[in-house]
Amino acid sequence: AQSVTQLDSQVPVFEEAPVELRCNYSSSVSVYLFWYVQYPNQGLQLLLKYLSGSTLVESINGFEAEFNKSQTSFHLRKPSVHISDTAEYFCAVSKYNFNKFYFGSGTKLNVKP
Amino acid sequence: EAGVTQFPSHSVIEKGQTVTLRCDPISGHDNLYWYRRVMGKEIKFLLHFVKESKQDESGMPNNRFLAERTGGTYSTLKVQPAELEDSGVYFCASSQAPGLLNTEAFFGQGTRLTVV
């Protein structure tokens, strides 16, 4: 069985400060890892994903996540956040067939001016 | 290109009533998924259609939930009769044939269902 844990339900941070959103997973098989973001009044959007290769993956808006197999983690980081990054972030895993995602409970990032 | 569209965006119904949620996937996407998020918890898989066929309905909570995708286009999710614990946000997603070349599922905005 697969499960995803996001320990932080809310993360308040000031603009231009760094942030890390934590994600740990458990799985009996190899999985692929994703971060989705939900901006206010919008649907879930793919932020970044790890499939294979380099364990550090980046998004177009400055977020990065590092796959750590030994710690079964896929934490999301950004060195300097903007007000526009205020959203809810979901970590997810999928098995090889990508037919089903297992999501965490989400982390609300609230960026304050 | 239109994204995944869900109707209605919000629905408030009384316990025991029936509600039908609709999802229009991205044109050409044979794969359609329903997910649900209850009370700020994790988003959970409900079921997966490939065209009009149910590929995996292992996440459906009970027989009060009925999903259909006649003709392989839009899908409906009916809850009958609704119970208080059915409240939550129902997400629909669609994708092309899933695999390493198509790993992304595209999600709609969700339908917020409140059962009172």
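All of the points below concern the structure found in this document. (Residues numbered from 1 in each chain as written. Chains lettered and ligands numbered in written order. Predicted model: local features only at pLDDT ≥ 70, side-chain atom pairs only at ≥ 80, totals over all residues. Heavy atoms only, no water.)

**Observations concerning the interface of chain B and chain A**
Right, so step 1: In this complex, chain B contributes 21 residues to the contact, which on the side of chain A involves 22 residues.
Right, so step 2: Carbon and sulfur atoms make up 56% of the surface buried where chain B meets chain A, a total of about 1,800 Å² over both sides.
Right, so step 3: Of all residues in chain B, Ile 43, Thr 103 and Phe 107 of chain B give up the largest surface area on contact with chain A, accounting jointly for 31% of the area buried on that side.
Right, so step 4: At the boundary of chain B with chain A, the tally comes to two salt bridges. (Contact = heavy atoms within 4.5 Å. Buried area = accessible area lost by both parts, 1.4 Å probe. Salt bridge = Lys/Arg side-chain N within 4 Å of Asp/Glu carboxyl O.)

**Some thoughts on unusual backbone geometry**
All names here are of chain B.
Right, so step 1: For the bond running from Phe 7 to Pro 8, omega is -15°, close enough to zero to count as cis.
Right, so step 2: You can see Pro 8 is positioned in the loop between β1 (5-7) and β2 (10-13).
Right, so step 3: Look at Met 39: it is not a glycine, yet its phi comes out positive at around 45°.
Right, so step 4: Mapped onto the elements of the fold, Met 39 is located in the loop between β4 (31-37) and β5 (43-50).
Right, so step 5: One non-glycine residue with positive phi stands out, namely Lys 51, at about 55°.
Right, so step 6: Mapped onto the secondary structure, Lys 51 falls in the loop between β5 and β6 (53-56).
Right, so step 7: Judged by relative accessible area, Lys 51 falls into the partly exposed class, the value being 44%. (Helix = DSSP H or I, 4+ residues; strand = E, 2+ residues; numbered from the N terminus. Buried < 20%, exposed > 50% of the residue type's maximum accessible area, 1.4 Å probe, protein only.)

**Thoughts on the environment of Ser 94 of chain B**
Residue and element names in this part refer to chain B.
Right, so step 1: With respect to the helices, strands and loops of the structure, Ser 94 is situated in strand β9 (residues 88-95).
Right, so step 2: Along the chain, Ser 94 and Gly 16 lie 78 residues apart, while their C-alpha atoms are 30 Å from each other.
Right, so step 3: In this structure, Ser 94 is in contact with Val 4, Pro 25, Ile 26, His 29, Asn 31, Leu 32, Tyr 33, Glu 104, Ala 105 and Phe 106, ignoring residues within four places of it in sequence.
Right, so step 4: Among the polar contacts made by the side chain of Ser 94, one reaches the side chain of His 29 at a distance of 2.8 Å. (Polar contact = N/O pair within 3.5 Å; in protein donor to acceptor, adjacent residues only side chain to side chain.)

**Some details on the state of the cysteines**
Right, so step 1: Enumeration according to the criterion identifies two disulfides over all chains in this entry.
Right, so step 2: Across the disulfide, Cys 23 of chain A is cross-linked to Cys 91 of chain A (sulfur-sulfur distance 1.9 Å). In this structure, the disulfide formed by Cys 23 of chain A and Cys 91 of chain A twists by about -65° around the S-S bond and is classed as left-handed. In this pair, Cys 23 of chain A is assigned in the loop between β3 (19-21) and β4 (24-26) and Cys 91 of chain A in strand β10 (residues 87-94), connecting sequence segments 68 residues apart. Like Cys 91 of chain A, Cys 23 of chain A is buried.
Right, so step 3: For Cys 23 of chain B, the disulfide goes to Cys 92 of chain B, at an S-S distance of 1.8 Å. (Disulfide = S-S within 2.5 Å.)

**Remarks on the pattern of salt bridges**
Right, so step 1: If you walk through the whole model with that rule in mind, you get 12 salt bridges over all chains.
Right, so step 2: With a shortest N-O distance of 2.8 Å, Asp 85 of chain A and Lys 78 of chain A are connected by a salt bridge. Grouping residues by exposure puts Asp 85 of chain A and Lys 78 of chain A together as buried.
Right, so step 3: Between Glu 42 of chain B and Lys 44 of chain B there is a salt bridge, with its nearest N and O atoms 3.8 Å apart.
Right, so step 4: Put simply, Glu 20, Glu 64, Glu 66 and Arg 77 of chain A are held in one network by salt bridges that share partners.

**Overview of the layout of surface pockets**
Right, so step 1: For the largest pocket, the calculated volume is near 720 Å³.
Right, so step 2: Gln 38 and Glu 88 of chain A together with Arg 37, Val 89 and Arg 112 of chain B are, among the 30 residues lining the largest pocket, the residues nearest its centre.
Right, so step 3: Counting only elements with at least two residues in the lining of the largest pocket, the list comes to β10 and β12 (107-112) of chain A together with β9 and β11 (111-115) of chain B.
Right, so step 4: The element best represented in the lining of the largest pocket is β11 of chain B, accounting for four residues.
Right, so step 5: Considering only residue class, the lining of the largest pocket consists of nine nonpolar, 17 polar and four charged. (1 Å grid on protein atoms, 1.4 Å probe; cavity = no way out; pocket = protein on both sides within 12 Å on 5 of 7 lines; lining within 4 Å. Points joined across faces, edges and corners; volume = space filled by probe spheres on them. Nonpolar A, V, L, I, M, F, W, Y, C, P; charged D, E, K, R; others polar.)

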